[in-house]
Amino acid sequence: MGDLAKDINSKFENNRVKALLNIIYTANWITSCQNEFFKDFGISPQQYNILRILRGAEAPLNVQTIKNRMLERSPNATRLMDKLCSKKYIERLPSDHDRRVVKIAITASGLELLNSIPNDFNKSLLKNLNEDEAEQLSHLLDKMR
């Protein structure tokens, strides 16, 4: 198990400061692990999130709805979707009634990509926590927000 004080060679003013810095440090570690994992599939974690949102939707969604559902609210969501579109993982569906309205749908290739990605890739990030500890961590993070 890690020890933040040793990892960054630092002492902390109090436990609240240590906890906050530990959250930031851990968030960066998780992001790094996810970036490395998704590199093999040619997408980013944010693009994976968009694909999962679209797979779970009952119908094509507008861009704003996708942005609202993203785990990481990204100002560059449109650019992320442009890249997914160029890879043929999603498609834009213009409205027959209003040229300003565009819906986004996942393609068969996008579904195929999602099916090729193991569902349990995040489990390794939490391998040192049992179910009760994971529940406690989740509760504390909810409480913090």
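To be clear, the structure that these remarks concern was listed above.
It should be emphasised that the depicted structure is a prediction, and the values quoted were computed from it without experimental measurement.

Asker: Got a minute to help me understand the overall build of the protein in this structure?
Answerer: A tally of helices and strands in the protein yields 7 helices and 3 strands. Sequence-ordered secondary structure for the protein, helices as α and strands as β, is α-α-α-β-α-α-β-β-α-α. By the compact-globule yardstick of 15 Å for 145 residues, the protein is too spread out, its C-alpha radius of gyration being 19 Å. Judged by the C-alpha coordinates and their principal axes, the protein covers about 60 × 30 × 30 Å. Relative to its 145 residues, the protein shows a buried fraction of 25%. Taking all contacts inside the protein whose residues are at least 6 apart in sequence as the whole, residues at least 24 apart take part in 48%. Of the roughly 10,800 Å² of accessible surface on the protein, a fraction of 50% belongs to carbon and sulfur atoms.

Asker: Help me understand the pattern of salt bridges in this model?
Answerer: Side chains bearing opposite charge may pair, as long as their charged atoms lie close to each other. Per the stated rule, a full pass over the model turns up 4 salt bridges. Measuring nitrogen to oxygen at the nearest pair gives 3.2 Å for the salt bridge that ties Glu36 to Lys39. Taken together, the residues Glu36 and Lys39, both in helix α2 (residues 15–39) and 3 residues apart, mark about one turn of the helix. On the basis of relative accessibility, which here comes to 49%, the residue Glu36 falls in the partly exposed class. Between Asp142 and Arg145 there is a salt bridge, and its shortest N-O distance comes to 2.6 Å.

Asker: Sorry if this is basic, but what is going on with the environment of Arg69 here?
Answerer: Counting through the fold element by element, Arg69 comes out in helix α4 (residues 63–69). Taking the C-alpha atoms as reference points, Arg69 and Ile53, separated by 16 residues in sequence, lie 7.2 Å from one another.

Asker: Sorry, what's going on with the nonpolar core here?
Answerer: Nonpolar side chains in soluble globular proteins tend to end up buried together. Ranked by size, the top nonpolar core spans 23 residues in total, and within it Ile43, Ile50, Leu51, Leu54 and Ile66 carry the most contacts. Breaking this core down by element, the ones donating at least two residues are α3 (45–56), α5 (77–86), β3 (102–106) and α6 (108–116). Among the elements that make up this core, the one with the highest residue count is α3 (5 residues). For Ile66, the residues in contact, after removing those within four places along its chain, are Ile50, Ile53, Leu54, Leu61, Met81 and Ile104.

Asker: I tried to follow the pairing of β3 on my own but got confused; where do I start?
Answerer: Remark: a regular strand shows side chains that alternate across the two faces of the sheet. Pairing between strand β1 (residues 61–62) and β3: 2 bridges, direction antiparallel. Considered in β3, the bridge of Leu61 is made with Ile104. With 5 bridges joining them, strand β2 (residues 90–94) and β3 adopt antiparallel strand pairing. Its bridge partner lying in β3, Ile90 is registered against Ile106.

Asker: Would you mind going over the side chain of Asn49 with me for this structure?
Answerer: Structurally, the position occupied by Asn49 is in helix α3. Not counting chain neighbours up to four residues away, the residues in contact with Asn49 comprise Met70, Leu71 and Glu72.

Asker: Hey, could you run me through the layout of surface pockets in this one?
Answerer: Taking a probe equal in size to a water molecule and rolling it over the atoms shows the remaining empty space. Its volume calculated, the largest pocket comes out at about 2,100 Å³. Along the walls of the largest pocket sit 45 residues, with Thr26, Trp29, Ile30, Leu126 and Leu137 positioned nearest its centre. Looking at the lining of the largest pocket, the elements with two or more residues in it are α1 (4–7), α2, α3 and α7 (131–144). It is α2 that provides the largest number of residues to the lining of the largest pocket, a total of 14 residues.

Here is what the cut-offs are and how they apply
Here the residue numbers are simple positions, counted from 1 along each chain's written sequence. Two thresholds apply to this predicted model, a pLDDT of at least 70 for residue-level local features and 80 or more for giving and counting side-chain atom pairs, whereas whole-chain, interface and lining totals are computed over all residues. Excluding hydrogens and water, the side-chain values take into account all heavy atoms of the structure. Numbering of helices and strands runs from the N terminus; a helix is a DSSP stretch of H or I covering at least four residues, while a strand is a stretch of E covering at least two. Computation of the radius of gyration draws on C-alpha atoms alone. For the globule rule, the value is 2.2 Å times the number of residues to the power 0.38. Partly exposed describes any residue whose relative accessible area lies between the buried limit of under 20% and the exposed limit of over 50%, with all areas from a 1.4 Å probe on protein chains only and scaled to the type maximum. Note on definitions: a residue-residue contact is assigned when non-hydrogen atoms from the two residues lie within 4.5 Å. Residue-level accessible areas treat just the shown protein chains as cover; the underlying method is Shrake-Rupley with a 1.4 Å probe. By convention in these notes, a salt bridge is any Lys or Arg side-chain nitrogen within 4 Å of a carboxyl oxygen on Asp or Glu. As used in this record, nonpolar core signifies buried Ala, Val, Leu, Ile, Met, Phe, Trp, Tyr and Cys residues forming a set joined through side-chain atoms within 4.5 Å. We call two strands paired when DSSP finds no fewer than two bridges between them. Cavity means a closed set of points on a 1 Å grid over the protein atoms alone, one where a 1.4 Å probe fits but cannot get out, pocket means an open set with protein on both sides within 12 Å along at least 5 of 7 lines, and lining means a residue has an atom within 4 Å of a point. Grid points are joined across faces, edges and corners, and a volume is the space filled by probe spheres set on the points.

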